[in-house]
Amino acid sequence: MHLGEIMYKLRIYNLTGADKGNLNHEEKFDTKEQMDKRYNELFKVNLYSLNPTAWEKIDGEWKRLEGY
C-alpha cells in the first residue's frame, strides 16, 4: 500500500427527485474508522436501499463491503 492511497469510500445516493436512487457523489477515506464514522452520520433505517454503500480498495480494485 502506498502512503496517501485512498483505501475506503462511501457512495452516496440521491434521496429524492427524478434521479432518486442514482449516485450523487462519493466520499473517500484513508481509514475504515473514518468511513464508519461518516456512515453512521448518514445511515437512516427508513432509507433502506438508499443508504450509502461502503467500498474497500483491494489490489487496486474497489470491492463492496458487506454489512453496510
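Here, the structure is the one placed above.
Described in the following lines is the structure provided in the data block. Quick caveat: nothing in here was measured; it's all calculated off a predicted structure.

1. Focus on the pattern of salt bridges
Tallied over the entire structure, the rule returns seven salt bridges. Among the ionic pairs, Arg38 bridges to Glu27, the shortest N-O distance being 2.7 Å. Of this pair, Arg38 sits in helix H1 (residues 32-42) while Glu27 sits in strand E2 (residues 23-29), and the two are eleven residues apart along the sequence. According to the relative accessible area criterion, Glu27 is buried, its value standing at 16%.

2. Here we look at the packing of aromatic side chains
Within this structure, the stated rule accounts for two aromatic pairs. Ring centres 5.1 Å apart and planes at 85 degrees place the aromatic pair Tyr39 and Tyr68 in the edge-to-face group. Remark: Tyr68 occurs in the segment after strand E4 (61-64) and Tyr39 occurs in helix H1; sequence separation between them is 29 residues. Overall, Tyr39 belongs to the buried group, its relative accessible area being 8%. In this structure Tyr68 comes out as partly exposed when scored by relative accessible area, which is 23%. Three or more aromatic residues joined by ring pairs form one cluster here, namely Tyr39, Phe43 and Tyr68.

3. With respect to unusual backbone geometry
Residue Tyr48 is not a glycine yet carries a positive backbone phi of 50 degrees. Note on Tyr48: relative accessible area 66%, which makes it exposed. Here Asp59, not a glycine, exhibits a phi torsion of approximately 50 degrees, which is positive. Within the secondary structure, Asp59 sits in the loop between strand E3 (53-58) and E4. Asp59 sits in the exposed class, given a relative accessible area of 77%.

4. Describing the sheet that holds E4
Read across the sheet, four strands follow the order E2-E1-E3-E4 without closing on themselves; strand pairing throughout is antiparallel. Only two strands of the sheet have a single neighbouring strand rather than two, namely E2 and E4. Averaged over all pairs of adjacent strands, the angle between strand axes in this sheet comes to 30 degrees, irrespective of strand direction. Examined bridge by bridge, strand E1 (residues 8-13) and E2 share six bridges and lie antiparallel to one another. Counterpart to Ile12 in the pairing with E2 is His25. Along the sheet face, H1 touches E1, E2 and E3 and points at about 20 degrees away from the line of E1.

What counts as what
Residues numbered from 1 in each chain as written. Predicted model: local features only at pLDDT ≥ 70, side-chain atom pairs only at ≥ 80, totals over all residues. Heavy atoms only, no water. Salt bridge = Lys/Arg side-chain N within 4 Å of Asp/Glu carboxyl O. Helix = DSSP H or I, 4+ residues; strand = E, 2+ residues; numbered from the N terminus. Buried < 20%, exposed > 50% of the residue type's maximum accessible area, 1.4 Å probe, protein only. Phe/Tyr/Trp six-rings, centres within 6.5 Å; stacked < 30°, edge-to-face > 60°. Pairing = 2+ DSSP bridges. Axes fitted to C-alpha atoms, helices over the stretch in contact; angles between N-to-C directions. Contact = heavy atoms within 4.5 Å.

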